[in-house]
Amino acid sequence: MIANTKGRTQNAGSNVEVSHRNLPVAKLVESALLHGEGQLTSTGALQITTGKYTGRSPKDKFIVREPQSTDHIAWGKVNQALTPEQFDSLYEKTMNYMESRNLFVFNGYAGADQAYRLPIRIINEYAWQNLFVHQLFIRPTAAELQSHEPEFTVIAMPGLKADPATDGTNSETFIVISFERKTVLIGGTHYAGEMKKSIFSVMNYLLPFRGVMPMHCSANVGEAGDTALFFGLSGTGKTTLSADPHRRLIGDDEHGWSDTGVFNFEGGCYAKCIGLTQEKEPQIWNAIRFGSVLENVVIDAVSGEADYRNNELTENSRAAYPIEYIQGSVIPGVAGHPNVIFFLTADAFGVLPPVSKLTKEQAMYHFLSGYTSKLAGTERGVTDPEATFSACFAGPFLPLRPGVYAEMLGDKITKHGARVYLVNTGWSGGPYGIGERMNLSYTRAMITAIMNGSIENASFTPHSVFGMLIPDAIPLVPHELLDPRNVWADKSAYDRQARQLAKLFAQNFEKFSDVSDAIKLAGPQL
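What you see is a predicted model; the values in this text were computed from it and never measured.

Rules behind the numbers
Residues numbered from 1 in each chain as written. Predicted model: local features only at pLDDT ≥ 70, side-chain atom pairs only at ≥ 80, totals over all residues. Heavy atoms only, no water. Helix = DSSP H or I, 4+ residues; strand = E, 2+ residues; numbered from the N terminus. Buried < 20%, exposed > 50% of the residue type's maximum accessible area, 1.4 Å probe, protein only. Lys, Arg positive; Asp, Glu negative; His and termini not counted. Salt bridge = Lys/Arg side-chain N within 4 Å of Asp/Glu carboxyl O. Polar contact = N/O pair within 3.5 Å; in protein donor to acceptor, adjacent residues only side chain to side chain. Contact = heavy atoms within 4.5 Å. Arc of directions from axis to C-beta. Core = buried A, V, L, I, M, F, W, Y, C linked by side-chain atoms within 4.5 Å. pLDDT = per-residue confidence, 0-100. Pairing = 2+ DSSP bridges. Axes fitted to C-alpha atoms, helices over the stretch in contact; angles between N-to-C directions. Phe/Tyr/Trp six-rings, centres within 6.5 Å; stacked < 30°, edge-to-face > 60°.

Draft legend 1. Highlighting the side chain of arginine 318. For arginine 318, the position within the fold is in strand S17 (residues 318-322). One buried charged side chain, arginine 318, makes no salt bridge at all; its nearest oppositely charged neighbour is glutamate 295, positioned 5.8 Å away. Among the polar contacts made by the side chain of arginine 318, one reaches the main-chain carbonyl oxygen of tyrosine 270 at a distance of 3.0 Å. Filtering out sequence-adjacent residues up to four positions away, arginine 318 remains in contact with Tyr191, Ser234, Tyr270, Ala271, Lys272, Cys273, Val293, Leu294, Glu295 and Val297.

Draft legend 2. Structural context of helix H1 (residues 25-34). Turning to H1, its buried residues are Val25, Leu28, Val29, Ser31 and Ala32. Projected onto a plane normal to the axis of H1, the buried residues spread over an arc of 160° and lie on a single side. In the core, the buried residues of H1 are packed alongside strand S1 (39-40), strand S2 (46-48), strand S5 (104-110) and helix H3 (127-136). Two residues or fewer past H1, glycine 36 is found with a positive phi of approximately 70°.

Draft legend 3. The arrangement of the nonpolar core in detail. Among the nonpolar cores identified, the biggest contains 100 residues, and Met195, Leu229, Phe231, Ile341, Phe343, Phe367 and Phe466 are the most heavily contacted of them. For this core, the leading source of residues is helix H12 (residues 491-509), giving 7 residues. Once you skip the residues sitting within four places of it in the chain, phenylalanine 231 turns out to touch Met213, Met215, His216, Cys217, Lys238, Ile341, Phe342, Phe343, Leu344, Phe367, Cys392 and Phe393. In terms of nonpolar packing, the next biggest core, distinct from the first, is built from 21 residues, Val423, Met446, Ile450 and Ile455 among them.

Draft legend 4. Highlighting the confidence of the model for the protein. Scored by pLDDT, the protein comes out at a mean of 93, with 94% of its residues at no less than 70. Ignoring residues within four places in sequence, the model shows residues 1-10, a span with pLDDT below 50, making 31 contacts including any to other chains.

Draft legend 5. Looking closely at the sheet that holds strand S3 (residues 61-64). Taken in spatial order, the 7 strands line up as S4-S3-S8-S9-S7-S6-S5 in an open sheet, and their pairing is mixed. The two strands at the open ends of the sheet, each matched to only one other strand, are strand S4 (80-82) and S5. This sheet shows a mean twist of 20° between the axes of neighbouring strands, independent of strand direction. Helix-sheet contacts for H3 involve S5, strand S6 (118-124) and strand S7 (152-157), and the interaxial angle to S5 is about 15°.

Draft legend 6. Inspection of the packing of aromatic side chains at higher detail. Under the counting rule described, the total for this entry stands at 27 aromatic pairs. Both rings, one in tyrosine 371 and one in phenylalanine 389, keep their centres 5.3 Å apart while their planes meet at 45°; by these two values the pair is tilted. Of the two residues, tyrosine 371 sits in strand S21 (residues 371-374) while phenylalanine 389 sits in strand S22 (residues 386-389), which places them 18 residues apart along the sequence. Summarising the aromatic geometry, the rings of phenylalanine 389 and phenylalanine 505 are spaced 5.0 Å apart at their centres and angled 85° between planes, so their arrangement reads as edge-to-face.

Draft legend 7. Inspection of unusual backbone geometry at higher detail. In this model, isoleucine 331 is joined to proline 332 through a cis peptide bond whose omega is -5°. Inspection of the secondary structure assignment puts proline 332 in the loop between S17 and strand S18 (334-335). One non-glycine residue with positive phi stands out, namely asparagine 296, at about 60°. The residue asparagine 296 is located in the loop between strand S16 (293-295) and S17 in this model. Residue class for asparagine 296 comes out buried when judged on its relative accessible area of 1%. With a phi angle near 55°, phenylalanine 393 is a residue other than glycine that sits in the positive phi range. Mapped onto the secondary structure, phenylalanine 393 falls in the loop between S22 and helix H10 (402-416).

Next comes the structure, spelled out in structure tokens:
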């Protein structure tokens, strides 16, 4: 129970009973089961459902307009403003809501590199959500816990709903960040991903001021110490492709790139589960066991077995588990500078090549464009795949203008000589509904050829519209797949589709008026 929660924001939760702070996994699972929050699956994972909100709510995310940060924030549709008075009102409402409830507190860190890590506190009304953050963020040692002082606090109260008329929100749901008060308020949604992404947004604001590039990417490292980054929005394959049994996983979603190398923001993984099979993704499959949280995965009422093909609840079913559940993962999640950078996209138009090499200028162009397709269920209201552009492959989570992050990427590519490739994990042979999704085994073969350098033995041909370099051969991949035009039955239809997509790229890029002519010319030519 909370005894007195109306102290300073950064001390919120300090009066929660000690037994409810940083509870071990078994106790959190026990509490969740006792209160009917979920049920155990046949592998021992905790299965829960999140009701009508099974994805993020980007239209309900706000940043408080405050003197210290207002000139740095890229205000607009992504970063909507809330006044300090509106935040204070929501905060008071949250404190009142918390007073009558048992609460669970997690004290931990974001950032595996101790030079840049952020001490965080997350307060939950549900044990399962506290288990989620316990597994997703970096867990402190006993000694670290004794001296832990949070620099940012997330308060997640799903049962508390906002009143748009009085709170200034767009709906009952709210995700509000105050950089001055160092607090995030979340209410009206049970979807746990909001807690994870709110801290990502905080890191995206804080780290550039310290010379660190925050990145929406997964990362792994080979036996020779060669590091690879995988950029991409949800559903493009970051988690799947970085979970390679022949390489060690650094992290599956969020990283920083400092002057000394790459480091994971998190201590766990949040993998999409729809269509999961042991054959295709054995590392993720084996990680779903006791201590893992299965979010919106349908399970058999008798056997408790998960049905990963069932999308009855959502296409955005998820598994959350600590990174040590992936055999051979890098702990702590720190590695050297990347040798290879992958931009992942799921092209619903079926136009982009399955793999292509980018020049530095093309890399800057495609990083700023951040093209992919939103997949069903990842966000509220998205029921069919649709083309989208998300700057830096992280648009919804960037408080600063995209050019800040792009300039940092360009500088680091030059300084460290990283090679950059665009990989399309989307559709081939036609658009969504006609073509087929790229075979995962082929995509893995392409990734392997880039990693081991064998792709450099191929001849490369520029794409007729987009200009990126297409290899003519890759081991274990049918050569006709490499040029997307070859696998369209109607070649003229492909040409029309390619021109249409190029127009969308050009229209989107008009907002980046401050970039160099070399970067502008690196885009598709109509």
